[in-house]
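Understanding the architecture of this molecule
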Amino acid sequence: MFRHSVRTIATTARRAAAVAPAAAKPPSPHTIAVSKAQGIAKGLTGAIGNTPLIRMNKLSEQTGCEVLGKAEFMNPGGSVKDRAALYVVLDAEERGLLKPGGTVVEGTAGNTGIGLAHVCRSRGYKLVIYMPNTQSQGKIDLLRLLGAEVYPVPAVAFDNPQNYNHQARRHAESLDNAVWTNQFDNTANRRAHIETTGPEIWTQTEGKVDAFTCATGTAGTLAGVTRYLKDVSNGRVKSYLADPPGSVLHSYIQSGGKLVERTGSSITEGIGQGRITDNLAPDVALLDGSVHIADEKSIEMVYRALDEEGLYLGASSALNVVAAKEVAELMGPGHTVVTMLCDGAYRYADRLFSRKWLESKNLLTAIPKHLEKYIVLP
Ligand SMILES: Cc1ncc(COP(=O)(O)O)c(C=O)c1O
């Protein structure tokens, strides 16, 4: 052990000597600075979070504000949900609900499942996923190839006992050493953002952030970041919920707390909600307002972000960017507005860049003429 360590140190020293002369050269204008986040991560889970905060240059010029997007698509599983996945698993471990070799069960159709699959593989747990059978074969295949056992079940309402979430809970209850991670109402999800995303945004903006906005699925992100930024700034930082069609939260906030029946739908995935989840409940009163973003604006921003910023964003991220632009306009020039770039367009490209699909959603005319060149799929 000791001899091995000495040899390792000697080898490292020789390698360091070999690279020293190059490192001593003055940096070129293109040198990429090495930040703390680029040190060695302890396994996959150590690589979750610490994502860059990207200035959206065109939108910032247009609004006179600093419009910044947190590049969550750079997490190992490709989305913001890696943070929640890590925290719900760590929380189950800490509470003694999950022991080595145990099983994690979740009801999810998307990114949380992918995040959980990575986290479970890296920590040696089995993963069982229940999802509505309306989801694409691509999603099912991806989860299976990441090692998950997947059960597509009939898509029925939450109050039906056969709803995929209830089936996930019952599956976990039927096994020893198993946990239903329950992302919607498990507040370890919100805690991930109080302890990581919020502090990252505060540090990256050197405390200059004036407003935060994002859409909600579980609301872990919005609630956790809002809570942290309100606390650290003594309430100075404003926070706005962004809502797609088919979600009830915008009307809930605008009406001062009336929940209406869910109607309509959206092209965005992973966001939109029909109730106040346990993750949102403690912080909903902290919100300063909400913005409703139509699908026409979200899809236009998918194309604009690609053309103007070189960012390949999924529709929920594009919605968030539209919301950040609207919040910037509301606050006026000179402010710093932060939002979340939840995931990339990779998982949705066959729809977002397909002419037929855009036509089927009546969204073809939402794409400005000069951006039609990006509609590359039939
Ligand atoms: C693409 C995407 N955007 C946004 C969200 C919403 O994040 P949260 O669940 O923290 O509200 C999700 C959640 O699954 C998602 O998959």
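Cut-offs used in this document
Residues numbered from 1 in each chain as written. Predicted model: local features only at pLDDT ≥ 70, side-chain atom pairs only at ≥ 80, totals over all residues. Helix = DSSP H or I, 4+ residues; strand = E, 2+ residues; numbered from the N terminus. Rg over C-alpha atoms; globule rule 2.2 N^0.38 Å. Buried ≥ 20, exposed ≤ 12 C-beta atoms within 10 Å, placed from the backbone. Contact = placed C-beta atoms within 7 Å. Expected span 1.5 Å × (residues − 1). UniProt positions renumbered as here; feature names shortened; annotations may be inferred. Near = placed C-beta within 6 Å. Nonpolar A, V, L, I, M, F, W, Y, C, P; charged D, E, K, R; others polar. Pairing = 2+ DSSP bridges. Axes fitted to C-alpha atoms, helices over the stretch in contact; angles between N-to-C directions. Core = buried A, V, L, I, M, F, W, Y, C linked by C-beta atoms within 7 Å. pLDDT = per-residue confidence, 0-100. Right-handed = clockwise from strand over helix to strand, strands pointing away.

**Examining the overall build of the chain**
- Each helix and strand counted, the chain has 13 helices and ten strands in total.
- Here the C-alpha atoms of the chain give a radius of gyration of 22 Å, agreeing with the 21 Å that 2.2 N^0.38 yields for 378 residues.
- In terms of its C-alpha atoms, the chain occupies a principal-axis envelope of roughly 70 × 55 × 50 Å.
- Buried positions account for 45% of the 378 residues belonging to the chain.
- Of the contacts made within the chain by residues no fewer than 6 positions apart, 70% connect residues no fewer than 24 positions apart.

**A few points about helix H7 (residues 188-204)**
- In this model H7 runs 23 Å from its N-terminal to its C-terminal C-alpha over 17 residues, within 8% of the 24 Å that 1.5 Å per residue would give.
- When you tally the buried positions in H7, you get 13 out of 17 residues, the bulk of the element.
- Of the residues flanking the end of H7, it is Glu206, one or two places downstream, whose phi is positive at about 50°.

**Notes on the environment of Leu358**
- Relative to the helices and strands, Leu358 resides in helix H13 (residues 355-360).
- By C-beta crowding, Leu358 is classed as buried, having 21 other C-beta atoms within 10 Å.
- The sequence separation of Leu358 and Ile375 amounts to 17 residues, and the corresponding C-alpha distance is 9.1 Å.
- Contacts of Leu358, omitting those with residues within four sequence positions, involve Leu363, Leu364, Ile367 and Ile375.

**Some points on the UniProt feature "domain: Tryptophan synthase beta chain-like PALP" (unreviewed entry) in the chain**
- According to UniProt, the positions carrying the feature "domain: Tryptophan synthase beta chain-like PALP" (unreviewed entry) are residues 45-343.
- As annotated, residues 45-343 has a helix share of 40% and a strand share of 17%, and its two end C-alpha atoms lie 18 Å apart.

**A short note on the environment of Phe158**
- The residue Phe158 is located in the loop between strand E5 (149-153) and helix H6 (164-173) in this model.
- Owing to 11 C-beta atoms within 10 Å, Phe158 belongs among the exposed residues under this scheme.
- Separated by 106 residues in sequence, Phe158 and Pro52 have C-alpha atoms that sit 36 Å apart.
- The residues touching Phe158, leaving out its near neighbours within four places in the chain, are Asn163 and Asn165.

**A look at unusual backbone geometry**
- One non-glycine residue, Asn182, adopts positive backbone phi at about 50°.
- Taking the number of C-beta atoms within 10 Å as the measure of exposure, Asn182 has 20 and is therefore buried.

**Things to note about the site of the ligand**
- Around the ligand, the surrounding shell holds 19 residues, and the nearest of these are Gly217, Thr218, Thr221, Gly270 and Cys342.
- For the shell around the ligand, the per-class residue count stands at four nonpolar, twelve polar and three charged.

**Let's talk about the sheet that holds strand E10 (residues 336-341)**
- One open sheet holds the six strands; their spatial order is E1-E2-E10-E7-E8-E9, and the pairing between them is mixed. Either end of the sheet is taken by a strand with one partner, and the two such strands are strand E1 (53-55) and strand E9 (289-292). Averaged over all neighbouring strand pairs, the angle between strand axes comes to 30°, with direction disregarded.
- Judged from the six bridges that link them, strand E2 (residues 66-71) and E10 form a sheet pairing that is parallel. If you follow Lys70 over to E10, its bridge partner there is Met340.
- The sheet contacts of helix H11 (residues 315-331) involve E2, strand E7 (211-215), strand E8 (238-243), E9 and E10, and relative to E10 the element is tilted by about 170°.

**Thoughts on the nonpolar core**
- The biggest cluster of nonpolar side chains holds 60 residues, and the ones touching the most others in it are Ala242, Val302, Ala318, Ala323 and Val337.
- Ranked by residues supplied to this core, first place goes to H11 with nine residues.
- Ala323 has contacts with Thr213, Tyr240, Ala242, Val291, Ile293 and Thr339, leaving out every residue within four places of it along the chain.
- Grouped together as the second largest cluster of nonpolar side chains are 31 residues, Ile114, Leu116, Ala148 and Tyr164 included.

**Focus on the confidence of the model for the chain**
- Scored by pLDDT, the chain has a mean of 92; 93% of the residues are at 70 or more.
- Segment residues 1-18 is flagged for pLDDT under 50; beyond a separation of four residues in sequence, or across chains, it makes zero contacts in the model.

**A closer look at the pairing of E5**
- Note that strand E4 (residues 126-132) and E5 share five bridges and pair parallel. From the neighbouring strand, Pro132 faces E5, where its bridge partner is Val153.
- In this fold, the crossover linking E4 to E5 by way of helix H5 (residues 137-145) has right-handed handedness.

**A few points about the sheet that holds E5**
- Judged by pairing direction, the sheet is parallel, and its four strands sit side by side in the order E5-E4-E3-E6 without closing on themselves. Two strands lie at the open edges of the sheet, namely E5 and strand E6 (178-180), each paired on one side alone. Put simply, the sheet's adjacent strands are angled 15° from each other on average, direction ignored.

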